[in-house]
Every structure is written in structure tokens, then in C-alpha cells.
Amino acid sequence: MTRLKTNDIREISSSLAEYDLQLQTATNKTLAGIAYHTWGADEAEWNSRINHFSIHVVPVTVGQGIITDFSETVCAILQFLGFDSRVTEQTDSSGIAEAFEKKADAIMMADDDRFVGINLHTREVVDNSAATGRAFAAALDLMATGIKDKSVLVIGCGPVGESGAKMLLHKGALVTLYDCRPEIALSLKKKFSHSFGPTRIQILDNLITQCQNYHYILEATPSKNTIPVELISDRLRIAAPGVPLGISKQNLDLLKDRLVHDKLELGVAAMAVNLILKKIPGD
Ligand code: 2YC
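All of the points below concern the structure found in this document.

Further remarks concern the layout of surface pockets. If a probe as big as a water molecule is rolled over the atoms, it shows which places are left empty. For the second largest pocket, the calculated volume is near 530 Å³. Surrounding the second largest pocket, 22 residues form its lining, Tyr19, Gln22, His261, Asp262 and Glu265 being those nearest its centre. Of all the elements in the fold, those that place two or more residues in the lining of the second largest pocket are helix H1 (6–9), helix H2 (16–27) and strand E11 (259–261). Ranked by residues supplied to the lining of the second largest pocket, first place goes to H2 with six residues. Its residues placed into classes, the lining of the second largest pocket shows eight nonpolar, five polar and nine charged.

Here is the structure:
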């Protein structure tokens, strides 16, 4: 899992409205709309409840410690979506206790291994990697105006790529898996074949020589420049949850609004919507 740096997230809070417009251009949906699409939920039904659903973000000092602006940025994304969100005054255990004492509906927190949201009523846990992969797959589905029966190349078969590939398979896409560690791609194909059958899942052996005929890509690697320039065409659509971005600056200019990429926004939005969808007892 790539650890974010303050430089990666410094601009997010002040650019949320602009990013929302970019997402609408690329997918015809807002940040919230894509988050609802991630879980197949009806935005109109749930959006009115968001203002009364409190999510407290707890800074965590363990391990490599606090990332300056991380908790504040997560909180800003939640507030932009309309949630009643704040960063706890205390960190770690004290911050968790503070959230319970202030009757938070949910908390979000991240150590060096996991970034999670927890619904304090239902005890449901939503993981950032799983939610992020699913959210970017949902964005690709929207960019394709329905990914069903279309071929998608998933580059990177870690937790984010796996979650995205699973969502794409559920949406009826033909998925090709690539990972720089071929054994990882193969084991994921085997895992998926049990649920989806062997015909809709292929393995790509060589990214450079075999990638030209894909028009939809989910790039979920922690590497730079994984997307070769040969791949860039005016039909190409890319959803890239990978941090850092696997696309060179030169190629970025070619892609324009046929690329959806961010370092926190879509994953946090998908986590938050998942938390509110978990029924509150007596709901
Ligand atoms: O400021 C804090 O509370 C820190 N403990 C946060 C550490 C986050 C570590 N994880 C990451 O940088 C990212 C996640 C946002 C998703 C994947 N890596």
C-alpha cells in the first residue's frame, strides 16, 4: 500500500468543487453520484440522510505516524458530500473514545496497514482498498456508458485491482488481468473463475506488446508510467486509483477527460456512502 505524502493531498480540500465538475464531464455523475453507483444505491433515497449522519475522523500516531493534513482532508471530503464530519481533538484510543462519547454514527481512521470506516451502530467495517477499487470500476462503467460485454484491462492485481476487477466482472465486463508478478495475476484468475467461470477472465503476459486492443483500463499499481504511449488513443478510457499515477504528464494531456484519477476522494466517498447504507438498527 503506497503511503500518501502531504504533498499528494495538500490541494484536495480546496479543489473539491472543481474535481466534482471534472468527474461530471468524465462520467456524467458527481463524486457523490459515483459513490452511490459504486454500491448500486439510489442517491435520491439516501442523500437527505447524509446531513444527519456523523463521521468522526480519528488521527492515528502509530508506526510512521500522522500524515499532515490527512485527517483534515478526509474530513473536508466528507463535509463536501454533506456529512456531519469532524476530526477528533484526541488521537488514537482517546480519539475513538471521544467519537463514541460524542455519539458519532461512524469513525474513519488509518494506521500504516489499513484505512477503515466503521459504522458504530452496526459494527460494519469498510476498507479503503476494497472501496477504492470498486469506486474506480464504477467510474469506468459510467465512462463506458455500461461496461457490460466490453473488454477491460486491469493493470495491478493487489487489493485495489482485485476489488475493481470483481466489480467489473459483476457488471458483465470481459476482464484481462496483468500484474508484473505473473503468479499474482494467475492466482486471481483462479480465484475469480470459481464465481465467474473461466471464459470471462484472461491473463495478459506482456503489457507493451499485447495492450493495444484495450479501450478500457483500470490502472491499480503503485508504479509510475505503467501506461505506454502506444496505448493512448481517442477511444481509451482509464480509471486510475493507483498512487502514484501510472501515466506520464505527456500522456495526461492527450487523455484529458478520458481519465479519472485521484488519491483519496473517490475512495473516501465510497467508504462514507457504504457506511450510511448499512442499516441503523430500527432504521
Ligand atoms: O494521519 C494519520 O492518521 C496517519 N496514521 C494516516 C496513515 C495513512 C496511511 N495510508 C495511506 O497513506 C494510504 C491510504 C489513504 C490508502 C492507501 N494508502
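The full count for this structure, using the stated rule, is three aromatic pairs. Both rings, one in phenylalanine 70 and one in phenylalanine 115, keep their centres 5.3 Å apart while their planes meet at 70°; by these two values the pair is edge-to-face. Of the two residues, phenylalanine 70 sits in helix H5 (residues 70–81) while phenylalanine 115 sits in strand E4 (residues 115–119), which places them 45 residues apart along the sequence.

All right, on to the site of the ligand then. The full set close to the ligand counts 15 residues, and Thr2, Leu4, Val60, Ile67 and Ala110 are the nearest of them. Threonine 2 is positioned such that a nitrogen or oxygen atom in its backbone is 2.8 Å from a nitrogen atom of the ligand. Here an oxygen atom of the ligand sits 2.9 Å away from a polar atom, N or O, in the main chain of isoleucine 67. About the coverage of the ligand: the protein hides 94% of its 470 Å² of free accessible area.

Mapped onto the fold, glutamate 265 is located in helix H12 (residues 265–277). Taking the C-alpha atoms as reference, glutamate 265 lies 7.9 Å from isoleucine 12; in sequence the two are 253 residues apart. Ignoring any residue separated from it by four or fewer positions in sequence, one finds glutamate 265 in contact with Ile12, Leu16, Tyr19, Leu31 and Ile77.

With that settled, the discussion passes to the environment of serine 93. The residue serine 93 is located in helix H6 (residues 92–101) in this model. For the pair formed by serine 93 and proline 59, sequence separation is 34 residues and the distance between their alpha carbons is 9.7 Å.

With twelve residues, helix H8 (residues 159–170) should reach 16 Å at 1.5 Å per residue; the first-to-last C-alpha distance of 17 Å fits that figure. Of all the positions in H8, only Val160, Gly161, Ser163, Gly164, Ala165, Met167, Leu168 and Leu169 are classed as buried. Downstream of H8 by one or two residues, glycine 172 has phi in the positive range, about 90°.

This part covers the packing of H8 against helix H9 (residues 182–196). Where H8 meets H9, the closest approach of the two axes is 12 Å, and the angle between their N-to-C directions is 30°. Taken together, the axis directions place H8 and H9 in an arrangement best described as roughly parallel. Of the two possible hands of crossing, H8 and H9 adopt the one that is right-handed. Note on element contacts: H9 touches H8 through Leu188, Lys191, Phe192 and Phe196, opposite Glu162, Ala165, Lys166, Leu169 and His170. Among the residues making up the contact of H8 with H9, the classes are represented as five nonpolar, one polar and three charged.

Each value, and the rule that gives it
Residues numbered from 1 in each chain as written. Predicted model: local features only at pLDDT ≥ 70, side-chain atom pairs only at ≥ 80, totals over all residues. Heavy atoms only, no water. 1 Å grid on protein atoms, 1.4 Å probe; cavity = no way out; pocket = protein on both sides within 12 Å on 5 of 7 lines; lining within 4 Å. Points joined across faces, edges and corners; volume = space filled by probe spheres on them. Helix = DSSP H or I, 4+ residues; strand = E, 2+ residues; numbered from the N terminus. Nonpolar A, V, L, I, M, F, W, Y, C, P; charged D, E, K, R; others polar. Phe/Tyr/Trp six-rings, centres within 6.5 Å; stacked < 30°, edge-to-face > 60°. Near = heavy atom within 4 Å. Polar contact = N/O pair within 3.5 Å; in protein donor to acceptor, adjacent residues only side chain to side chain. Areas by Shrake-Rupley, 256 points an atom, 1.4 Å probe, with all protein chains shown as cover. Contact = heavy atoms within 4.5 Å. Expected span 1.5 Å × (residues − 1). Buried < 20%, exposed > 50% of the residue type's maximum accessible area, 1.4 Å probe, protein only. Axes fitted to C-alpha atoms, helices over the stretch in contact; angles between N-to-C directions. Parallel < 35°, antiparallel > 145°, perpendicular 65-115°, else oblique. Left-handed = near helix turned anticlockwise from the far one by under 90°.

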